[in-house]
Amino acid sequence: DTGVSQDPRHKITKRGQNVTFRCDPISEHNRLYWYRQTLGQGPEFLTYFQNEAQLEKSRLLSDRFSAERPKGSFSTLEIQRTEQGDSAMYLCASSIGLASGANVLTFGAGSRLTVL
Amino acid sequence: EDKVVQSPLSLVVHEGDTVTLNCSYEVTNFRSLLWYKQEKKAPTFLFMLTSSGIEKKSGRLSSILDKKELFSILNITATQTGDSAIYLCAVELNFGNEKLTFGTGTRLTIIP
């Protein structure tokens, strides 16, 4: 499978616990994005990487959220001290990131988080 | 603040009908507008539009952009039950802001 892979697909946790999601992008893509989607809403931007550099973080990304892409390949998104409001689908996407534009994102199937 | 607004929020039609989905935007430094289809999982790419008045077409789906009036439409003709999905519109800005800003989506339901 050469698409964007996310793991786990579903995570149920108790409030206050930490969770970590992993994303493996398409191998030749140098940009990687994290989005959050709640029911009835479109995806909301959280953060993105160009190779291993984190270039932008949304103000939605509180200090409980941290994302890394240590070797410019896979990425992790960690949420510490989860709250019920963190329940959402966390989508990862990647793109080639051409300087000329045409920044079409390819999405993974998402990791659904439920905080009890 | 950049805004992408889609309408209607939901639409129910019978198989064979034609539908038009709308997307308007208010952003600075517009580069392109993209349409995605989301069924139960990952959004999948449909079209990217960068120039006004040039229709993009793929089978029964087509889309066009109006950069003067700041909107795009997505048309689906002869709808089928497999077209049932959420259709997302997103806008990409110019260099230095290379993320997509999405609308809330239009939920399309096709009744057999």
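Quick summary incoming for the structure in this document. Note that the structure is predicted; figures quoted are calculated from it, not measured.

**Describing unusual backbone geometry**
Most peptide bonds take the trans configuration, and most residues that are not glycine carry a negative phi. At the junction of D7 of chain A and P8 of chain A, the peptide bond is cis and its omega measures out at -5° in the coordinates. Mapping P8 of chain A onto the fold places it in the loop between strand 1 (5-7) and strand 2 (10-13). Of the consecutive residues S7 of chain B and P8 of chain B, the connecting peptide bond is found in the cis state with omega at -10°. Looking at the secondary structure, you find P8 of chain B in the loop between strand 1 (3-7) and strand 2 (10-14). Even without being a glycine, N51 of chain A presents a positive backbone phi close to 55°. Even without glycine at this site, L70 of chain B takes up a positive phi of about 60°. In this structure, L70 of chain B sits in the loop between strand 7 (61-66) and strand 8 (71-76). Of the residues examined, L70 of chain B reaches a relative accessible area of 33% and is grouped as partly exposed.

**Quick look at the nonpolar core**
Core analysis: the biggest nonpolar cluster contains 23 residues, and Y25, F30, L33, W35, Y87, V91 and L108 of chain B have the highest contact counts within it. Those elements that provide at least two residues to this core are strand 3 (19-26), strand 4 (30-38), strand 5 (43-49), strand 7, strand 8, strand 9 (85-93) and strand 11 (106-111) of chain B. Grouped together as the second largest cluster of nonpolar side chains are 19 residues, F21, L46, Y90 and L113 of chain A included.

**Quick notes on the environment of Q6 of chain A**
Residues and elements named next belong to chain A. With respect to the secondary-structure elements, Q6 resides in strand 1. Given a relative accessible area of 8%, Q6 falls into the buried group. Considering only alpha carbons, one finds Q6 and G110, 104 residues apart in sequence, at a separation of 6.1 Å. If sequence neighbours within four positions are ignored, Q6 has contacts with R22, C23, W34, Y90, L91, C92, G108, A109, G110 and S111. A polar side-chain atom of Q6 sits 2.9 Å from the main-chain carbonyl oxygen of Y90.

**So, the sheet that holds strand 3 of chain B**
All names here are of chain B. One open sheet holds the five strands; their spatial order is 1-3-8-7-6, and the pairing between them is antiparallel. Looking at which strands have only one partner, the edges of the open sheet turn out to be strand 1 and strand 6 (56-58). Strand-to-strand twist across the sheet, computed as the mean angle between neighbouring axes with direction ignored, equals 15°. In the sheet, strand 3 pairs with strand 8 via six bridges, with the strands oriented antiparallel. Across the sheet, V19 pairs through a bridge with I76, a residue of strand 8.

About the thresholds
Starting from 1, residues in each chain are numbered consecutively following that chain's sequence as written. The naming scheme follows written order: chains are lettered A onward, ligands numbered 1 onward. For this predicted model, a pLDDT threshold of at least 70 governs which residues receive local features, and a threshold of 80 or more governs which side-chain atom pairs are given and counted, while totals over whole chains, interfaces and linings are taken from all residues. The basis for the side-chain values is all heavy atoms of the structure; hydrogens and waters are excluded. Secondary structure elements follow DSSP: runs of H or I no shorter than four residues count as helices, runs of E no shorter than two count as strands, and numbering proceeds from the N terminus. Burial classes follow relative accessibility: with a 1.4 Å probe on protein chains only, a residue under 20% of its type's maximum area counts as buried, one over 50% as exposed, and anything between as partly exposed. To form a nonpolar core, buried Ala, Val, Leu, Ile, Met, Phe, Trp, Tyr and Cys residues must be joined to one another through side-chain atoms within 4.5 Å. Any two residues having at least one pair of non-hydrogen atoms within 4.5 Å are treated as being in contact. Any N or O atom pair separated by 3.5 Å or less is treated as a polar contact, with the protein-specific requirement of one donor-capable and one acceptor-capable atom, and with residues adjacent in sequence counted only for side-chain atom pairs. Paired strands, as defined in this entry, are two strands with at least two bridges between them according to DSSP. Axis definition: a line fitted to C-alpha atoms, limited for helices to the stretch in contact. Angles are taken between N-to-C directions and run from 0 to 180 degrees.

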